Amino acid sequence: MRNIFFTNNNFSRHKEYSLNLIIFEKHKGYRSSPNYITTEIKGVKRDINIHNYCFEEFKYFNKIEIKIKNGFWGIQIIKEIKLKY
């Protein structure tokens, strides 16, 4: 499985692009699970882990900016996440 992720990221010739999306749902992680949000990327609802923010910080945000790159195997790679008001 590691080889798929390695080749997906390193052999991709696609450029990064940014998406500004609306946050539909916010979920607080329990114990060791991360906080995550639900948004829609290209018509598909996706859950995205939010590692850099505690729940008290990100519960006030309603938009998200995601830098994405289409990988070598067609799997999208999330490069950076920024929460916005």
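Residues numbered from 1 in each chain as written. Predicted model: local features only at pLDDT ≥ 70, side-chain atom pairs only at ≥ 80, totals over all residues. Heavy atoms only, no water.

Draft legend 1. The arrangement of the pattern of salt bridges in detail. Applying the stated rule across the entire model yields 4 salt bridges. Between Lys28 and Glu56 there is a salt bridge whose closest N-O contact spans 3.8 Å. Taken as a pair, Lys28 in the loop between strand 2 (25-27) and strand 3 (35-41) and Glu56 in helix 2 (residues 55-58) lie far apart in primary sequence, 28 residues in all. Notably, a salt bridge pairs Lys82 with Glu80, separated by 3.7 Å at the nearest N-O pair. Judged by its relative accessible area of 31%, Glu80 is partly exposed. Where salt bridges share partners, they join Lys67, Glu80 and Lys82 into one cluster. (Salt bridge = Lys/Arg side-chain N within 4 Å of Asp/Glu carboxyl O. Helix = DSSP H or I, 4+ residues; strand = E, 2+ residues; numbered from the N terminus. Buried < 20%, exposed > 50% of the residue type's maximum accessible area, 1.4 Å probe, protein only.)

Draft legend 2. How the structure looks around the environment of Ile22. Relative to the assigned elements, Ile22 resides in strand 1 (residues 17-22). Using a relative accessible area of 51% as the deciding quantity, one classes Ile22 as exposed. Separated by 42 residues in the primary sequence, Ile22 and Ile64 have C-alpha atoms spaced 6.3 Å apart. Those residues within four positions of Ile22 in sequence are excluded, and the remaining contacts are Thr38, Thr39 and Asn62. (Contact = heavy atoms within 4.5 Å.)

Draft legend 3. Spotlight on the packing of aromatic side chains. Scanning the entire structure with this criterion turns up 3 aromatic pairs. Here Tyr53 and Phe61 contribute two aromatic rings whose centre-to-centre distance is 5.9 Å and whose plane-to-plane angle is 65°, an arrangement assigned as edge-to-face. Note on Tyr53: relative accessible area 24%, which makes it partly exposed. Ring-pair connections join several aromatic residues into one group, and the members of that group are Tyr53, Phe61 and Tyr85. Above the ring of Phe24, the side-chain terminus of Lys45 is found at 5.2 Å from the ring centroid. (Phe/Tyr/Trp six-rings, centres within 6.5 Å; stacked < 30°, edge-to-face > 60°. Lys NZ or Arg CZ within 6 Å of the ring centre and 35° of its normal.)

Draft legend 4. Spotlight on unusual backbone geometry. A positive phi angle is found at Arg31, which is not glycine, with a value near 55°. Relative to the helices and strands, Arg31 is located in the loop between strand 2 and strand 3. Since its relative accessible area comes to 90%, Arg31 is described here as exposed. Although it is not a glycine, Lys42 adopts a positive phi angle of roughly 50°. Overall, the relative accessible area of 58% leaves Lys42 in the exposed class.

This is a description of form; function is not addressed.
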